[in-house]
Amino acid sequence: MTPSHDVVLVGGGGAGLRAAIAIAETNPRLNIAVVSKVYPMRSHTVSAEGGSAGVIAPDDSLDEHAYDTISGGDWMCDQDAVEAFVKEAPQELLRLEHWGCPWSREPDGRVAVRPFGGMKKMRTWFAADKTGFHMLHTLFQTSLKYASVLRYDEWFVTKLLVDDGRVQGVVAIDLKSGKVEAITAHSVILCTGGCGKIFPFTTNASIKSGDGMALAYRAGAPLKDMEFLQYHPTGLPFTGILITEAARAEGGYMINKDGYRYLQDYALGTPQKEPVLRTMELGPRDRLSQAFMQELAKGRTIETPYGHVVHLDLRHLGEKKIDAKIPFVRELCVKYVGLDPVKDLIPVRPVLHYMMGGVHTDINGATPLPGLYAAGEVACVSINGANRLGSNSLTELLVFGARAGKAAAEHASRKLEVSQGVLAQARDEHRRIDQDLFSKKGKERIADLREDMQKTMEESAGIYRTGAALTKAVDRLRRIQERYANVAIEDRSQAFNTERVSALELLNMLDVAETIVMSALRREESRGAHQRTDFPKRDDKRYLGHSLVHRNPDGSTRVEYLPVTITRWPPAERVYGEAAPHGGSH
Amino acid sequence: MADRIKLQVARYRPEQESEATFDEYEVPCPKDWVVLDGLNHVKDRIDGTLAYRWSCRMGVCGSCGMMVNGEPKLTCATFLADYAPGPVRVEPLRNFPVIRDLIVDIGDFMRKLATVKPWIVREEEQPLSAGEYRQTPSELDDYKQYSMCINCMLCYSACPVYGLDPHFIGPAAIALAQRYNLDSRDQGSGERHKILSEHEGIWGCTFVGECTKVCPKHVDPAGAIQRYKLTAAVETVKAFFMPRGAS
């Protein structure tokens with residue numbers, strides 16, 4: 001008997017759990033399944049550190065949050081989505097407070113906020129520097145309250161079932177037993193997060209293989225703005241462990257090999273002793289990562305066995321402040337690089353961190369494919385445009401997790417019948433997973449193919465890009481795809497076969513990598529995190545539009561454009577430092 | 001320092017063998033490699049069939065707990081060089097059924113966690129329009145430590161009581177119950193008390209403190225259990241005199 005649910009969520013991180021709770025609260029009669037390849041509390045939301053943005057301070061306003069987000073995104077954000085986002089952000093964060101999230105507090109017991117990059121006001125809620133960890137555990141533990149939420153822990157989804165023009169469920173492997181099963185549903189919400197593992201040097205956990213993006217793309221839903229990838233300016237060399245932006249928000253300096261605060265050379269303002277909002281170290285991530293590359297070109301970085309670095313200097317903050325505000329930064333540095341930020345400089349370099357693009361959705365998380373929804377990093381609404389501001393993504397997964405949950409619940413309430421074609425599809429998929437994959441007797445190691453893909457992406461789709469390098473990458477990725485046909489899977493067991501999962505994840509990553517390269521190649525301008533040295537200017541006339549990449553029936557890609565929604569903030573120049581304009585509508 | 005080190009890794013494939021065996025692999029041992037890097041090297045370069053869990057590689061997702069030379073450890077935070085010249089014995093976490101190789105079944109904990117109601121319980125919910133529940137930094141400090149649990153299961157693996165009596169609700173679940181009991185916003189300690197005191201496991205804990213010693217996040221479950229015993233005694237007395245609404 002095929003298990004059947006009203007709503008299936010693929011992924012149990014912040015967005016998935018928020019969506020699950022929203023459905024349970026919207027309609028307690030709906031039967032909800034959270035299907036995730038890991039236990040929910042292992043999801044990558046757990047690694048987010050710095051905080052979650054939402055207007056709460058009396059001197060702040062929704063318009064200022066909207067303006068910072070839109071200018072930060074280099075005018076690629078859909079402004080109706082941003083307006084809904086900033087409006088619902090504070091109540092979502094408050095709701096999490098009511099559910100027990102241990103937000104850091106002011107002495108009088110109110111929730112505290114901190115500054116963050118690209119934000120003109122203090123509006124980032126935080127739980128020390130383990131904000132994502134606390135949000136995820138709060139959501140997970142709260143979700144246990146709802147009897148209508150059933151979990152499929154450690155089930156890996158391999159396919160979306162689409163028939164009769166609508167999504168009707170998934171096929172998944174129960175990792176423990178190895179059995180492949182169809183799970184039907186009236187609505188499916190993808191909440192699988194990002195795809196950082198496509199790159200060699202990333203803050204992303206090993207599970208971030210773009211699964212949801214690949215599932216949607218193959219099922220016929222387009223991916224949006226895939227060329228916009230965020231490099232975070234402060235990753236630890238070798239491991240790629242993130243040193244949160246909160247370290248700079250609390251007053252840390254970025255210095256080059258001469259001890260010089262180099263950001264002053266890149267239109268980010270003049271250095272002050274104390275942090276100044278939207279200035280210097282509190283500039284946006286794209287600009288800071290680009291400044292590193294310029295310093296590298298000028299020979300002003302420091303060479304290490306794991307590549308060039310600059311230094312993050314926190315020493316002047318003192319032990320007390322470091323331990324109170326950013327204890328995890330100290331723990332990570334001591335543990336993983338043997339340096340204590342209280343007395344040592346921290347070596348850092350830009351590291352692939354976040355995917356602005358994702359499955360194309362509307363403001364309610366609905367994709368163009370009926371029955372399919374997406375929320376969180378896997379989705380592109382888009383509130384992040386060409387560059388996400390730090391601390392907007394944790395809030396995004398709450399706001400749009402809840403929205404997608406409600407929309408999916410409403411769709412599921414119509415209880416459309418499962419069509420016959422679905423079960424035949426599920427049988428085909430079963431055969432592909434159980435027989436085709438296991439019958440491979442190839443010689444190509446998964447790790448070799450993965451490394452070649454990662455190298456290809458770093459060399460072509462990194463911080464600075466050129467048409468020539470991207471064109472070459474298209475060919476290289478195609479060759480890796482061909483080699484995949486000859487992949488070696490030594491493990492023939494059914495019980496927890498992680499090699500089979502790795503092979504399927506690699507296939508997902510290869511599809512997503514192709515969409516990134518194709519979208520980046522087509523966009524002949526420089527905007528936010530997409531910098532083409534052969535087209536160094538922003539070109540609103542030709543490219544003030546979202547790229548939508550579709551999969552053609554023959555497997556090839558097709559890129560189209562969709563206009564950006566502008567409501568109250570017409571495109572203007574992005575300005576940081578002292579010259580930065582105040583927010584509010586123009 | 002030796003530039004390579006031997007890993008002796010427990011293998012168990014339920015379809016092929018009835019009990020665990022060991023495979024030996026030699027891996028590089030640079031100073032910044034953790035045990036998990038060694039396992040990844042094995043999987044990527046030597047033997048793709050080795051099965052284990054991992055994800056964040058920064059000590060916060062809680063996936064990669066294993067026994068390393070007999071001690072429960074997060075393998076992403078345990079450096080190979082500390083075991084030079086080797087060998088390093090890597091086994092699945094003790095006290096759990098093994099599913100495959102280094103992967104254990106933590107379903108028992110997941111069920112127990114849900115039973116202690118690890119969420120805020122209120123008699124009356126304050127509307128969102130009234131803003132946040134005020135909580136001073138010192139009220140936050142009352143439970144903060146217990147909220148740091150990453151569910152990595154090292155404490156269950158170290159716990160001699162859980163090893164003998166699988167009904168024992170266990171260190172992490174009790175610490176998380178206490179995390180909510182001590183939260184100024186919560187009013188559910190009475191309900192949790194009924195569940196926690198149902199089984200005598202909690203009284204069986206003799207404060208050996210092994211759980212606290214192995215906790216990678218300094219949660220101090222042993223302290224939580226001792227503290228709970230004291231509260232439980234008071235709750236029991238209160239319940240005796242005031243059977244309703246004791247909290």
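Because the structure is a prediction, the values reported are computed rather than measured. (Residues numbered from 1 in each chain as written. Chains lettered and ligands numbered in written order. Predicted model: local features only at pLDDT ≥ 70, side-chain atom pairs only at ≥ 80, totals over all residues.)

This paragraph deals with the overall build of chain A. If you tally the helices and strands in chain A, you get 15 helices and 22 strands. For the C-alpha atoms alone, the extent of chain A along its principal axes is close to 65 × 50 × 50 Å. Relative to its full complement of 586 residues, chain A shows a buried share of 62%. Residue pairs in contact within chain A that sit at least 24 positions apart in sequence constitute 75% of those at least 6 positions apart. (Helix = DSSP H or I, 4+ residues; strand = E, 2+ residues; numbered from the N terminus. Buried ≥ 20, exposed ≤ 12 C-beta atoms within 10 Å, placed from the backbone. Contact = placed C-beta atoms within 7 Å.)

Next up on the list: the overall build of chain B. A count of helical and extended segments in chain B gives 10 helices and seven strands. Taking the principal axes of its C-alpha atoms as reference, chain B extends roughly 65 × 40 × 30 Å. In chain B, buried positions account for 50% of the 247 residues.

Below, the discussion takes up the domain arrangement of chain A. Residue and element names in this part refer to chain A. Segmentation of chain A into domains returns domain 1 (232–351) and domain 2 (432–563). For domain 1 and domain 2, the distance between their C-alpha centroids amounts to 31 Å. Listed by partner, the interface residues are five residues for domain 1 and five residues for domain 2. Looking at the side of domain 1 that touches domain 2, the element that brings in the most residues is helix H7 (residues 285–297), giving four residues. A per-class count over the side of domain 1 that touches domain 2 returns two nonpolar, two polar and one charged. (Domains from an automatic or database assignment. Nonpolar A, V, L, I, M, F, W, Y, C, P; charged D, E, K, R; others polar.)

What follows covers the environment of glutamine 168 of chain A. Residue and element names in this part refer to chain A. Positionally, glutamine 168 belongs in strand S8 (residues 166–174). Placed 66 residues apart in sequence, glutamine 168 and threonine 234 show a C-alpha to C-alpha distance of 42 Å. If we skip the residues at most four places from it in the chain, glutamine 168 touches Leu161, Asp163, Thr184, Ala185, Gly371, Val418, Ser419 and Val422.

All names here are of chain A. An ideal rise of 1.5 Å per residue puts 18 Å on 13 residues; H7 measures up with 19 Å between its terminal C-alpha atoms. The complete set of buried residues in H7 reads Arg285, Asp286, Arg287, Leu288, Ser289, Gln290, Ala291, Phe292 and Glu295. Packed against the buried residues of H7 are strand S11 (229–235), strand S14 (307–313), strand S15 (346–355) and strand S20 (531–532). Just downstream of H7 lies glycine 299, where phi reads positive at about 75 degrees. (Expected span 1.5 Å × (residues − 1).)

Two faces make up the sheet, and in a regular strand the side chains alternate between them. Residues and elements named next belong to chain B. Bridging between strand S1 (residues 4–11) and strand S5 (residues 88–91) involves three bridges; their strand directions are parallel. The residue of S5 that forms the bridge with glutamine 8 is arginine 89. Of the strand pairs in this sheet, strand S3 (residues 65–68) and S5 are connected by two bridges, and their pairing is antiparallel. In the sheet register, methionine 67 faces S5, and the bridge partner there is glutamate 91. (Pairing = 2+ DSSP bridges.)

Quick look at the packing of helix H6 (residues 171–181) of chain B against helix H7 (residues 189–198) of chain B now. Describing two packed helices takes the angle between their axes plus the distance from one axis to the other. Residue and element names in this part refer to chain B. At a minimum axis separation of 10 Å, H6 and H7 run at an interaxial angle of 160 degrees. Taken together, the axes of H6 and H7 are roughly antiparallel relative to one another. With respect to the hand of their crossing, H6 and H7 are arranged in left-handed fashion. The residues of H7 that touch H6, namely those facing Ile174, Ala177 and Asn181, are Ser189, Arg192 and Leu196. Class assignment for the residues of the contact of H6 with H7 results in three nonpolar, two polar and one charged. (Axes fitted to C-alpha atoms, helices over the stretch in contact; angles between N-to-C directions. Parallel < 35°, antiparallel > 145°, perpendicular 65-115°, else oblique. Left-handed = near helix turned anticlockwise from the far one by under 90°.)

Read from one edge of the open sheet, three strands run S3-S5-S4 (chain A), paired in antiparallel fashion. This sheet does not close on itself; its edge strands, each paired only once, are strand S3 (52–53) and strand S4 (113–114) of chain A.

Across the contact, 42 residues belong to chain B and 43 residues belong to chain A. Counting residues per element, the ones that place at least two in the side of chain B that touches chain A are helix H1 (35–46), strand S6 (98–100) and helix H3 (137–144) of chain B. For the side of chain B that touches chain A, the element with the most residues is H3 of chain B, which contributes three residues. A per-class count over the side of chain B that touches chain A returns 19 nonpolar, 10 polar and 13 charged.

All names here are of chain A. Where helix H3 (residues 79–98) meets helix H10 (residues 392–412), the closest approach of the two axes is 9 Å, and the angle between their N-to-C directions is 95 degrees. By the criterion of interaxial angle, the relationship of H3 to H10 is roughly perpendicular. Contacts between H3 and H10 involve Phe85, Glu88, Ala89, Glu92, Leu93 and Leu96 from the former and Thr395, Glu396, Leu398, Val399 and Ala402 from the latter. A class-by-class count of the residues in the contact of H3 with H10 yields seven nonpolar, one polar and three charged.

Below, the discussion takes up helix H1 (residues 14–26) of chain A. Given 3.6 residues to a turn, an α-helix orients residues that are three or four positions apart in the same direction. Residues and elements named next belong to chain A. Helix length check: H1 (13 residues) gives 18 Å between terminal C-alpha atoms against 18 Å at 1.5 Å per residue, within 8%. Taken across its 13 residues, H1 has 11 buried, putting it largely inside the fold. For H1, the set of buried residues is Gly14, Ala15, Gly16, Leu17, Arg18, Ala19, Ala20, Ile21, Ala22, Ile23 and Ala24. The secondary structure elements touched by the buried residues of H1 are strand S1 (4–10), strand S2 (32–36), helix H4 (131–143), strand S6 (149–153), strand S9 (180–190) and H10.

Residues and elements named next belong to chain B. When the domains of chain B are assigned, the result is domain 1 (4–104) and domain 2 (107–241). Listed by partner, the interface residues are 10 residues for domain 1 and 13 residues for domain 2. Here the residues of the side of domain 1 that touches domain 2 sort into five nonpolar, four polar and one charged.

Looking now at the environment of leucine 74 of chain B. All names here are of chain B. Mapped onto the secondary structure, leucine 74 falls in strand S4 (residues 71–74). Judged by local crowding, leucine 74 falls into the buried class, with 27 C-beta atoms found within 10 Å. Separated by 142 residues in the primary sequence, leucine 74 and proline 216 place their C-alpha atoms 7.5 Å from one another. The contact partners of leucine 74, leaving out residues within four places of it in the chain, are Gly59, Cys64, Gly65, Cys152 and Pro216.

Below, the discussion takes up the sheet that holds strand S2 (residues 21–28) of chain B. All names here are of chain B. Strand order in this open sheet of five strands is S2-S1-S5-S3-S4, and the pairing throughout is mixed. The outermost strands of the open sheet, each flanked by one partner alone, are S2 and S4. Pairs of neighbouring strands in the sheet enclose a mean axial angle of 35 degrees, with direction left out of account. Pairing geometry for S1 and S2, over eight bridges, is antiparallel. For isoleucine 5, the partnering residue across the bridge sits in S2 and is valine 27. Packed onto the sheet, H1 meets S1, S2, S3 and S5 and runs at close to 95 degrees relative to S2.

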